[in-house]
Structures are given as structure tokens and as C-alpha cells.
Amino acid sequence: MTERRQTPRLRSLLGARACYNQRRATLDCVVRNISEGGALIVVTETVLLPADFELEIAQRQRSYHAHVRWRTGTKVGVSFEPTDIAEITDAAGADVAMRLRMAERDNARMKSRIEQLTESG
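What you see is a predicted model; the values in this text were computed from it and never measured.

Chemist: Is there a simple way to explain the overall build of the protein in this structure?
Modeler: Across its full length, the protein carries one helix and six strands. N-terminal to C-terminal, the α/β element order of the protein is β-β-β-β-β-β-α. Residues counted as buried form 31% of the 121 residues belonging to the protein. Taking all contacts inside the protein whose residues are at least 6 apart in sequence as the whole, residues at least 24 apart take part in 47%. Of the roughly 8,400 Å² of accessible surface on the protein, a fraction of 50% belongs to carbon and sulfur atoms.

Spelled out as C-alpha cells, the structure:
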């Protein structure tokens with residue numbers, strides 16, 4: 001098998017939380033290995049995670065925007081998407097930045113929908 005990772009992963013045993021659905025849904029998980037570009041997480045049961053979610057690692061006081069690359073049973077391989085939120089090490093600041101980004105996305109969607117409705121109307 002060809003190694004496609006750009007940075008080596010380090011073995012770890014970190015408690016983490018996957019947050020999705022505008023932070024209304026969370027799932028506890030364990031990070032088994034991690035690098036700057038991604039991680040292997042293990043969930044307690046076979047749960048369908050969305051393709052994109054926030055991965056919070058309290059021990060590192062970091063939050064990553066994660067994208068699912070593969071799944072096998074309870075193991076999920078994710079890549080980290082480059083975002084400003086990954087640069088923020090303060091957990092409270094990361095939460096505020098993530099909420100701001102989500103609000104900006106919702107605002108853009110609403111503007112688009114308003115344009116659609118006013119054009120058809």
C-alpha cells in the first residue's frame with residue numbers, strides 16, 4: 001500500500017468530540033493517531049457521521065474542521081481542512097470563531113434563498 005500522507009501520524013490516545021448539525025449533535029470518540037493533516041478516530045458504535053464536522057480535542061485545546069476520508073466499522077479516517085479555526089488554540093475563541101463561520105454560512109444561504117424567491121415572484 002502506498003503512503004499518501006504528507007505528514008507522519010503520531011500514535012495517541014486522546015478523548016475527543018465530533019460536533020455537527022450546528023453543534024446540536026455531538027459524539028464522543030477517541031483519537032488513535034494524529035498529524036497536522038488528519039487523524040484516525042474511533043467511535044464506540046457504528047455511527048454515521050456526516051462528511052464534514054468539527055473535531056474538538058480538549059486536551060490540546062484545539063478544534064479542527066474534519067472531513068471523512070474513509071470508514072471501517074467503528075474506525076474513521078479524517079483529514080483536517082485548513083481553516084482559521086485551526087489556528088486558534090483558545091477553546092473559547094475557537095468556539096466563537098466556529099459559531100461565526102456557521103452564522104456567515106447561514107446568512108449566505110438565506111441571502112441566496114431570498115434572491116431566488118424575489119426573482120420567481
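Next, the rest of the story.
Chemist: Hey, could you run me through the side chain of Asn 33 in this one?
Modeler: Mapping Asn 33 onto the fold places it in strand β2 (residues 25-34). Look past the residues within four positions of Asn 33 in its chain and what remains in contact with it is Arg 9, Leu 10, Arg 11, Ser 12, Gly 38, Ala 39 and Leu 40.

Chemist: What should I look at first to understand the pairing of strand β6 (residues 75-81) in this one?
Modeler: Where burial is concerned, most of β6 is hidden: five out of the seven residues are buried. In terms of strand pairing, strand β3 (residues 38-43) meets β6 through five bridges, oriented antiparallel. Paired with Ile 41 across the two strands is Val 76, which belongs to β6. Of the pairings in the sheet, the one linking strand β5 (residues 62-72) to β6 comprises seven bridges and is antiparallel in character. Counterpart to His 65 in the pairing with β6 is Glu 81. Connecting the antiparallel pair β5 and β6 is a turn made up of two residues, with Gly 73 showing a positive phi of about 60°.

Chemist: Sorry if this is basic, but what is going on with the state of the cysteines here?
Modeler: One covalent bond between the sulfur atoms of two cysteine residues makes up a disulfide. For the structure shown, the criterion picks out zero disulfides. For the unlinked cysteine Cys 19, the closest cysteine sulfur is that of Cys 29, found at 9.0 Å. On the basis of relative accessible area, Cys 19 is assigned to the buried category, the value being 3%.

Chemist: What is the right way to read the sheet that holds strand β4 (residues 52-57) from this model?
Modeler: The strands that make up a sheet are held in pairs by hydrogen bonds between backbone atoms, and each pair lies either parallel or antiparallel. The antiparallel closed barrel is built from six strands, whose spatial order is β1-β2-β3-β6-β5-β4. Between one strand axis and the next, the sheet turns by 45° as a mean value, whatever way the strands run. Two elements, strand β1 (residues 10-20) and β4, share three bridges in a ladder whose sense is antiparallel. In the strand pairing of β4, Ala 18 is matched with Leu 55.

Chemist: Can you walk me through the pattern of salt bridges in this structure?
Modeler: Oppositely charged side chains can form a pair if their charged atoms are brought close together. Counted by the stated rule, this structure contains four salt bridges. Residue Asp 28 pairs with Arg 17 through a salt bridge whose shortest N-O separation is 3.5 Å. Taken together, the residues span a long stretch of sequence, with Asp 28 in strand β2 and Arg 17 in strand β1 at a distance of 11 residues. On the basis of relative accessible area, Arg 17 is assigned to the partly exposed category, the value being 36%. Here Arg 23 ties to Glu 56 by a salt bridge, and the two come within 2.7 Å at their closest N and O atoms. Placement of Arg 23 in the loop between β1 and β2 and of Glu 56 in strand β4 is noted, with a sequence separation of 33 residues between them.

Chemist: Explain the nonpolar core here, please?
Modeler: The nonpolar side chains of soluble globular proteins are, as a tendency, buried together. Val 31, Ile 41, Phe 53, Leu 55, Ile 57, Val 78 and Phe 80 are the most contacted members of the largest nonpolar core, which has 20 residues in total. When residues of this core are traced back to their parent elements, those giving at least two are β1, β2, β3, β4, β5 and β6.

Thresholds applied
- All residue numbers refer to positions counted from 1 along the written sequence of the respective chain.
- Owing to the predicted nature of the model, reporting of local features is limited to residues with pLDDT of at least 70; listing and counting of side-chain atom pairs is limited to 80 or more, with chain, interface and lining totals taken over all residues.
- For the side-chain quantities, the full set of heavy atoms in the structure was used; hydrogens and water were omitted.
- A helix here means a DSSP run of H or I that spans at least four residues, while a strand means a run of E at least two residues long, and both kinds are numbered starting from the N terminus.
- Only protein chains enter the area calculation, which uses a 1.4 Å probe; residues under 20% of their type maximum are buried, those over 50% are exposed, and those in between are partly exposed.
- Two residues form a contact once any of their heavy atoms are found within 4.5 Å.
- Accessible areas in this description were obtained via Shrake-Rupley with a 1.4 Å probe; residue shielding takes into account the shown protein chains only.
- We treat two strands as partners when DSSP finds at least two bridges between them.
- Cysteine sulfur pairs qualify as disulfides if the two atoms are within 2.5 Å.
- What counts as an axis is a line fitted to C-alpha atoms, over the stretch in contact for a helix, and the angles between N-to-C directions run from 0 to 180 degrees.
- A pair is scored as a salt bridge if a Lys or Arg side-chain nitrogen falls within 4 Å of a carboxyl oxygen belonging to Asp or Glu.
- Note on terminology: a nonpolar core comprises buried Ala, Val, Leu, Ile, Met, Phe, Trp, Tyr and Cys residues joined through side-chain atoms within 4.5 Å.

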